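These are the residues of each chain, in order.
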Amino acid sequence: MREQYPDESDEEATLLGNVERHGGEDIGGEDVEESTQMKRLQVSRHSANPSKSRNRQDKSRTIPFRPGDRFQSHFPPNMVRNQKYNLFTFFPFVLYEQFKFFFNLYFLLVALSQFIPALKIGFIFTYVAPLAFVLCVTMGKEAYDDYKRHLRDREANSQKYLILVPPLSHNPDSGPHTRSVPSSSLRVGDLVMLEKNQRVPADMVLLRTSDPSGTCFIRTDQLDGETDWKLRVAVPTTQKLGSDKELMMLDGEVYADAPIKDLHTFIGTLTVNGTSPPSPHSSSPALSHAATSMVEPLTAENVVWSNTVLAAGSAVGFVVYTGSETRAVMNTSHPETKVGLLDLEINRLAKILCAVTFALSVVLVALNGFRGLWYIYVFRFLILFSSIIPISLRVNLDMGKTVYANQIMTDPDIPNTIVRTSTLPEELGRIEYLLSDKTGTLTQNEMEMKKLHMGTMSYGFDSMDEVAHQLATAFGAEHARQPSIATGTQLATRGRRDMSSRLRDVVLSLALCHNVTPVTNDDGSLTYQASSPDEVAIVKWTESVGLTLVFRDRTRMEVQTPTGTRLSYDILELFPFTSESKRMGIVVRESQSGELLFLQKGADVVMARIVQRNDWLEEETGNMAREGLRTLVVARKRLTPQNYAAFKQRHHEASVRLEGRNEAMAAVVAEYLERDLELLGLTGVEDKLQDEVKSTLELLRNAGIKIWMLTGDKIETARCIAISTKLVARNQYIHEVAKLKTSDQVRDQLEFLQSKLDCCLVIDGESLQLCLNSYKNEFIEIATKLSAVVACRCSPTQKADVARLIRQYTKKRVCCIGDGGNDVSMIQAADVGVGIVGKEGKQASLAADFSVTQFSYLAKLLMWHGRNSYRRSAKLAQFVIHRGLIISVMQAVFSAIFYFAPIALYQGWLMMGYATVYTMAPVFSLVLDQDVNEDIALIYPELYKELTKGRSLSFKTFFQWLMISVYQGGAIMIMSLVLFENEFLNIVAISFTALILNELIMVGIEITTWHTYMVIAEVVTLLLYVISIAFLPEYFDLEFVISTRFAWKVAVIVAVSALPLYLVKAIRSRIAPAAYSKLL
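Residues numbered from 1 in each chain as written. Predicted model: local features only at pLDDT ≥ 70, side-chain atom pairs only at ≥ 80, totals over all residues. Heavy atoms only, no water.

**Considering the pattern of salt bridges**
Phase 1: Throughout the structure, instances matching the rule amount to 46 salt bridges.
Phase 2: Salt-bridge contacts for arginine 719 lead to glutamate 736; the nearest nitrogen and oxygen are separated by 2.5 Å. One end of the pair, arginine 719, is in helix H23 (residues 715–724); the other, glutamate 736, is in strand S28 (residues 734–737), and 17 residues separate them in sequence.
Phase 3: Put simply, aspartate 801 and arginine 804 hold a salt bridge, and the shortest N to O gap is 3.3 Å. In this pair, aspartate 801 and arginine 804 both sit in helix H27 (residues 796–810), 3 residues apart, roughly one turn of the helix.
Phase 4: What makes aspartate 801 partly exposed here is its relative accessible area of 32%. (Salt bridge = Lys/Arg side-chain N within 4 Å of Asp/Glu carboxyl O. Helix = DSSP H or I, 4+ residues; strand = E, 2+ residues; numbered from the N terminus. Buried < 20%, exposed > 50% of the residue type's maximum accessible area, 1.4 Å probe, protein only.)

Structural data, given as structure tokens:
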């Protein structure tokens, strides 16, 4: 050891001679104090874990009380920051997000080219204005969203907290002072005072609470999504101290492991080097230190994580992790900017169109034999054909999204639904995987005890008054028990008395074996607080049958019997419920008789091997699980004082070990207590489902959506809910995968699943992580084929990882829905995140793209609004592209006939009017089109399944529109030239009128269901065009336009261009009708 740490002698010296530190800062000076602390930090780190060599990456820490500034500055600041941009990054990032789309980049280049005189065609305004408009709207929206985030951050960072500061050195007897500091200024080692309902600002160890027993309750809903209160315990050594001053002047240090994501584990120690600082004049300070150094283990129940809320009382905490090292921040992921699949598809089509434009330009120049400045001609053609990729497409689609968002928010069937990301409504029409949270999303998180089974007897929800009667009999009989000679009638009632005493045992055990605290409200009523809603449900039930929990602290509890007497019990040991043990136990001693009882309740899988042999437990738990009830097995054991004393000693020895502490403690409990317990009964608790969950899930499944349930809850509970929500079909096989340890086990499980793809997989978080680490691709490939998957005990980041993996692997659209702060990462990782405004606050709904108030609204959101948005946008996009293509084809034909000159066919106002006034309203009215009505869309979810294949906008439909445009553009231009060879100058007027009429007719052909607005748009646009002819004499010769020759020839041209398409559509609807038309 000596060779390993060459500076050990110095450290010994400072450890023994660190008296100066406590005599006040003026003696040793701050630098000496800090260097001492840094060395102590190293020594303690070695002592806590000598096997680790010192390295830069080790983030574990030993924090002395009252640390110096230099030491505190080693750790990250305690800032909350959710903003995406700052002043310097805003423009570069937003512009990059916009111009990484080929679409926008293309327009930027076209607009810039207009500043070069040789390439200038028409008004610069026509090229720059639309682009500037789109950019301004987008940047404004981003800036506003980010500003709102900044305000929320600022509010969180500026919340004030009281910290304890040491008394001044010249007056050490004046008590500790408190100072109010903003949350962002808290640092590692600060002592923070917390009040009721205050948010915990950083991860801290609880040193004292206002409750004499050292307990306090916290709400963790924003961290792990559980609405129940959790019990936390202050460190006993510091809880015993008389005042805050003693706490402040304590000579000790806290060792904390490196920060990790896991919310349920914390490894640390509190070392106290003597209860009060020795005076500088003491004769042998070194010896007094060595003699009284005391190490106390710290676990997760001594720690409160940031973002939790102190639910009752007040407390003092010692900050161990700040800012980015807190559990809350480590479990949240940063939001990405979401882009809809439709936008990506249109971006791809834009690239094809650009290639078409370029090819067309080169072909026209080549046909002319590359004469003169041919490369400038190529560019001029490129700009002439730039309308092939219309900028108005972006404007139209963005306006369309706004219309869809408005329709969703004003729908009376799904009130209070909010669209937070208005760029994604079309995505709702293409969802193939739905990842849902359980608690609060599918269930209401309201528990009710429904059944009690005792082997020979079973009590259902309707026979609870019988239980109350038997219980009263049992407790009454105890008081009136007199010795007598057994008569015939008494022998007959013995069977019944035996039954009632068994019932008394099971109900009393349920009333004692839990972690529930009764809280008396101002009006005298009792409410129960506990970390598990199941426990509250059971205690409420024991109250309803006559056995009421009236008092509880860390050492004692009292229950009131039906006769009104109180039974008092001392709590000697408490073994809380953990996901590994799946059970909770308690050792109690009745205050009067001194009888020692070990009571335990837990999941049937673990309790079956702990209780005595029986023939009914397995069958009954199966029956209750099939009803969707959450089951708990209750058992007890009577202990002798000798047994208990032996257990106590061994258990204490195990509890102070640094390595393998938990395993050692569990082994002692198993050896001394968990053997041959008397099985008392089995309880069934129901978790109420949200409204219409079953029918909604069935509808979504019929629509071809695969549903995964990701929950932080236990396997048993999740399995019950999967059955009761009908996520699993009636006789479907459920395959459970839990506690996998090796990759070979994973491989075996995957091989089994491969052969049984029609089952439902239930997997725990640990095994899921192992699957993802060892066989990621194989696991995802098999899991995505299963009809349903339930993942339990998932951490928030695991949920997000699963969502990302499904997206990457299947390239399908994934929707995540949740209601708690623990679902935020998953919601942000999905293509579409839906947040439910629930009991757990609004954190999920604020982070989501869509916010709803209950799960069943999802059906209408997807089947109706999602389907419509996608179909309409696809139709709108293709029509706008067709509108640009047709005019470019006409331009090409015109140039080809006029010796391949790059001269514009339509200039100035005509070009601007074509994309705006003359066609915009009718084309945009396509966003109101619908193929079926609402009822049919919800009755036949199979219609939704069709959309997920993406056939509304595909290369096939795109090329169909391309051919239509080529045909129509060519037909209009060639016919105009053939019919009007004499009046050559009027070609512009003729072809333009035919073009506008053709477009209006095409919109009419495309519409499935006419809407009032559509008719108005068509009629008004036509009138506008007719009126505007009179005001544009440079393009239209009025005398010629009002002649009959003009009228009939235009009519012929329009008939040639539009009639064939109408006939094709009519024939197709007869021969191969669309699926929806069969339902009308």
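Moving on from the model shown.
**Points about the nonpolar core**
Phase 1: Counting 59 residues, the largest nonpolar core has Phe103, Ile346, Ile389 and Leu393 as its most contacted members.
Phase 2: At 9 residues, helix H30 (residues 857–897) tops the list of elements feeding residues into this core.
Phase 3: Membership of the second largest hydrophobic core comes to 45 residues, among which are Ala405, Leu424, Cys815 and Phe855. (Core = buried A, V, L, I, M, F, W, Y, C linked by side-chain atoms within 4.5 Å.)

**What to know about the pairing of strand S24 (residues 596–602)**
Each regular strand carries side chains that alternate between the two faces of the sheet.
Phase 1: Where burial is concerned, most of S24 is hidden: 7 out of the 7 residues are buried.
Phase 2: Residues Leu596, Phe598, Gln600 and Gly602 of S24 are buried on one face, and the alternating residues Leu597, Leu599 and Lys601, pointing to the opposite face, are buried as well.
Phase 3: Looking at chain direction, strand S23 (residues 583–590) and S24 are connected through 7 bridges and run antiparallel. By the bridge assignment, methionine 584 is partnered in S24 with lysine 601.
Phase 4: Between S23 and S24, which pair antiparallel in sequence order, lie 5 residues; one of them, glycine 594, sits at a positive phi of approximately 75°.
Phase 5: Pairing of S24 with strand S25 (residues 630–639), which is carried by 7 bridges, proceeds in the antiparallel orientation. The residue of S25 that forms the bridge with glutamine 600 is alanine 635. (Pairing = 2+ DSSP bridges.)

**Here's the deal with the packing of aromatic side chains**
Aromatic rings in a pair are described by how distant their centres are and how their planes are angled relative to each other.
Phase 1: Across all of its chains, the model carries 25 aromatic pairs by this definition.
Phase 2: Judged by centre distance (5.5 Å) and plane angle (75°), the rings of phenylalanine 71 and phenylalanine 75 are edge-to-face. With respect to burial, phenylalanine 71 and phenylalanine 75 carry one shared label: buried.
Phase 3: The interplanar angle of 65° and the centroid separation of 6.3 Å between the aromatic rings of tyrosine 914 and phenylalanine 992 together place this pair among those described as edge-to-face. On the criterion of sequence distance, the pair formed by tyrosine 914 in helix H31 (residues 909–915) and phenylalanine 992 in helix H36 (residues 987–1006) is long-range, its members being 78 residues apart. Exposure class is identical for tyrosine 914 and phenylalanine 992. Each is buried. (Phe/Tyr/Trp six-rings, centres within 6.5 Å; stacked < 30°, edge-to-face > 60°.)

**Here we look at the sheet that holds strand S17 (residues 458–459)**
Phase 1: Overall, antiparallel pairing links the 9 strands, which are arranged S17-S16-S26-S25-S24-S23-S22-S21-S20 in an open sheet. Of all the strands in the sheet, just S17 and strand S20 (548–552) have a single pairing partner and so form its edges.

**A few points about unusual backbone geometry**
Phase 1: One non-glycine residue, arginine 66, adopts positive backbone phi at about 55°.
Phase 2: In this fold, arginine 66 is placed in the loop between strand S1 (61–64) and helix H3 (69–72).
Phase 3: One non-glycine residue, glutamate 692, lies in the positive phi region at around 55°.
Phase 4: The topology assignment puts glutamate 692 in the loop between strand S26 (678–689) and helix H22 (693–702).
Phase 5: Note on glutamate 692: relative accessible area 56%, which makes it exposed.

**Quick look at the packing of helix H35 (residues 955–979) against helix H39 (residues 1044–1071)**
Phase 1: At a minimum axis separation of 8 Å, H35 and H39 run at an interaxial angle of 155°. Between H35 and H39, the angle is such that the two are roughly antiparallel. The interaxial crossing formed by H35 with H39 has right-handed handedness. Facing H35, whose interface residues are Gln960, Ile964, Tyr967, Gln968, Ala971, Ile972, Met975, Ser976 and Leu979, H39 presents Lys1049, Val1052, Ile1053, Val1056, Ser1057, Ala1058, Pro1060, Leu1061 and Arg1068.
Phase 2: Taken together, the residues of the contact of H35 with H39 sort by class into 12 nonpolar, 4 polar and 2 charged. (Axes fitted to C-alpha atoms, helices over the stretch in contact; angles between N-to-C directions. Parallel < 35°, antiparallel > 145°, perpendicular 65-115°, else oblique. Left-handed = near helix turned anticlockwise from the far one by under 90°. Contact = heavy atoms within 4.5 Å. Nonpolar A, V, L, I, M, F, W, Y, C, P; charged D, E, K, R; others polar.)

**A closer look at the side chain of aspartate 437**
Phase 1: Among the secondary structure elements, aspartate 437 is positioned in the loop between strand S15 (431–436) and strand S16 (443–453).
Phase 2: Engagement of the side chain of aspartate 437 in a polar contact is seen with the side chain of threonine 441, the distance being 3.4 Å.
Phase 3: At 3.2 Å, the side chain of aspartate 437 and the side chain of lysine 799 are in polar contact.
Phase 4: Leave out the neighbours within four places in its chain, and aspartate 437 touches Leu442, Leu710, Thr711, Lys799, Ile817, Gly818, Asp819, Asp823 and Met826. (Polar contact = N/O pair within 3.5 Å; in protein donor to acceptor, adjacent residues only side chain to side chain.)

**Here we look at the sheet that holds S15**
Phase 1: Spatial strand order, S14-S33-S32-S31-S15-S27-S30-S29-S28: 9 strands in an open sheet with mixed pairing. Lying at the two open borders of the sheet, with one neighbouring strand each, are strand S14 (418–419) and S28.
Phase 2: Across 4 bridges, the pairing between strand S31 (residues 813–818) and strand S32 (residues 832–836) is parallel. Along S32, the bridge assignment pairs cysteine 816 with glycine 833.

**What to know about the environment of threonine 948**
Phase 1: In this fold, threonine 948 is placed in the loop between helix H34 (942–947) and H35.
Phase 2: Given the relative accessible area of 16%, threonine 948 is considered buried.
Phase 3: Separated by 243 residues in sequence, threonine 948 and isoleucine 705 place their C-alpha atoms 9.4 Å apart.
Phase 4: With sequence-adjacent residues up to four places away left out, threonine 948 is seen in contact with Arg430, Ile431 and Glu432.
Phase 5: In terms of polar contacts, threonine 948 uses its side chain to reach the backbone carbonyl oxygen of lysine 945, at 2.6 Å.

**Overview of a nonpolar patch on the surface**
Phase 1: A cluster of nonpolar side chains, contributed by Trp1010, Val1015, Val1019, Leu1023, Ile1027 and Phe1031, occupies part of the molecular surface with about 640 Å² of accessible area.
Phase 2: Within the secondary structure, phenylalanine 1031 sits in the loop between helix H37 (1012–1030) and helix H38 (1038–1041). (Patch = residues over 30% accessible without salt bridge, like charges linked within 9 Å, V, L, I, M, F, W, Y side chains within 5 Å. Areas by Shrake-Rupley, 256 points an atom, 1.4 Å probe, with all protein chains shown as cover.)

**Observations regarding empty space enclosed by the protein**
Phase 1: Enumeration over the complete set of coordinates arrives at 4 cavities of 30 Å³ or more.
Phase 2: Its boundaries defined by the atoms lining it, the largest cavity holds a volume of some 70 Å³.
Phase 3: Residues that form the lining of the largest cavity fall into these classes: 1 nonpolar, 3 polar and 5 charged. (1 Å grid on protein atoms, 1.4 Å probe; cavity = no way out; pocket = protein on both sides within 12 Å on 5 of 7 lines; lining within 4 Å. Points joined across faces, edges and corners; volume = space filled by probe spheres on them.)

**Looking at the pairing of S16**
Phase 1: Both S16 and S26 contribute to a ladder of 7 bridges, which runs antiparallel. Each bridged residue has a counterpart across the sheet, and for glutamate 448 the counterpart in S26 is glutamate 686.
Phase 2: Where S16 meets S17, 2 bridges bridge the pair, whose relative direction is antiparallel. Among the inter-strand pairings, leucine 452 is bridged to a residue of S17, identified as tyrosine 459.

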